Amino acid sequence: MTARRELWIWLVTCVAGAALVLLAAGRDWFTVTYDTREVAISAAELVPALGPAAWAALAAVVAVLATGGVWRGLVGAVMALGGAGMIAGSWWGSGASAALRISAEQAPMSAATAPQVASAVAWPLLASAGGLLLLAGGVAVILRGGRWPGMSGRYDRQGAGPAGESRPAPAESAPSERALWDALDEGTDPTADPDPRDR
């Protein structure tokens, strides 16, 4: 597998992981019912950092494409840590105790009634799956990112030097002073029509 193909697979995997986390972060994970009153508990209330962490992961994907060397490895390490944090946050947010605590704060007058808790298990699982993909993506950057192409190298001019400056093309050799005098002796203007022998 070529490095470019490997980069594309990594890119699709990380974007899919961030999309799963963002999808789950915008949903209700629990519904707590007090008699006839229902209190919906969203992921933003249970794990407030989940959505911002997914957006940060997308920014890290762009940073990996734009950087190289040590900086790319550091971005990969941050992405891996972020993915691990998303998995931990999803696991913590899937517990009913946090949902009961938040619902009691939102409906204090109903706290004396025995609540019934209904959980949407799919959303925490999706968030965990997205975090796992991002964790794997970060580890892949650390282990394999050094051989992937970057955006900066794609747009470099051919023949560019180490500092990114293009090397000047060799200048055409100017006619010698002797050739100029010979052209004047022959009655021609060397500046308007150079001697073909000097080209």
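Treat the numbers as computed from the prediction; the structure is a model and nothing was measured. (Residues numbered from 1 in each chain as written. Predicted model: local features only at pLDDT ≥ 70, side-chain atom pairs only at ≥ 80, totals over all residues. Heavy atoms only, no water.)

Ranked by internal contacts, the top residues of the largest apolar core, which has 35 residues, are Trp10, Trp29, Ile41, Leu46 and Leu50. Where this core is concerned, the elements lending two or more residues are α1 (3-25), β1 (28-34), β2 (37-42), α2 (43-46), α3 (50-66), α4 (69-93), α5 (96-106) and α6 (122-144). Excluding anything up to four places from it in sequence, Trp10 contacts Val61, Val64, Leu65, Met79, Gly137, Ala140, Val141 and Trp148. (Core = buried A, V, L, I, M, F, W, Y, C linked by side-chain atoms within 4.5 Å. Buried < 20%, exposed > 50% of the residue type's maximum accessible area, 1.4 Å probe, protein only. Helix = DSSP H or I, 4+ residues; strand = E, 2+ residues; numbered from the N terminus. Contact = heavy atoms within 4.5 Å.)

Further remarks concern the environment of Arg72. One can find Arg72 in helix α4. Put simply, Arg72 and Val141 are 69 residues apart on the chain and 7.2 Å apart in space, counted from C-alpha to C-alpha. Setting aside its immediate chain neighbours within four residues, Arg72 contacts Val64, Leu65, Thr67, Val141, Gly145, Trp148, Pro149 and Gly150. Within the local environment of Arg72, its side chain forms a polar contact with the backbone oxygen of Gly145, the two atoms lying 2.8 Å apart. (Polar contact = N/O pair within 3.5 Å; in protein donor to acceptor, adjacent residues only side chain to side chain.)

Further remarks concern the pattern of salt bridges. With the rule as written, the count across this model stands at 3 salt bridges. The partner of Glu105 in a salt bridge is Arg101, with the nearest N and O atoms 3.8 Å apart. Here Arg101 and Glu105 lie together in helix α5, a separation of 4 residues that amounts to about one turn. Accessibility expressed as a relative area gives 56% for Glu105, which makes it exposed. In the salt-bridge network here, residues are joined through shared partners; they are Glu6, Arg144 and Arg147. (Salt bridge = Lys/Arg side-chain N within 4 Å of Asp/Glu carboxyl O.)

Here the focus is the packing of α3 against α4. The interhelical angle for the contact between α3 and α4, taken along N-to-C directions, is 160°, at an axis separation of 10 Å. As far as their axial angle goes, α4 and α3 are roughly antiparallel. Here the hand of the crossing between α3 and α4 comes out left-handed. Facing α3, whose interface residues are Leu50, Ala53, Ala54, Ala57, Ala60, Val61, Ala63, Val64 and Leu65, α4 presents Arg72, Val75, Met79, Met86 and Ser90. Its residues assigned to classes, the contact of α3 with α4 comprises 12 nonpolar, 1 polar and 1 charged. (Axes fitted to C-alpha atoms, helices over the stretch in contact; angles between N-to-C directions. Parallel < 35°, antiparallel > 145°, perpendicular 65-115°, else oblique. Left-handed = near helix turned anticlockwise from the far one by under 90°. Nonpolar A, V, L, I, M, F, W, Y, C, P; charged D, E, K, R; others polar.)

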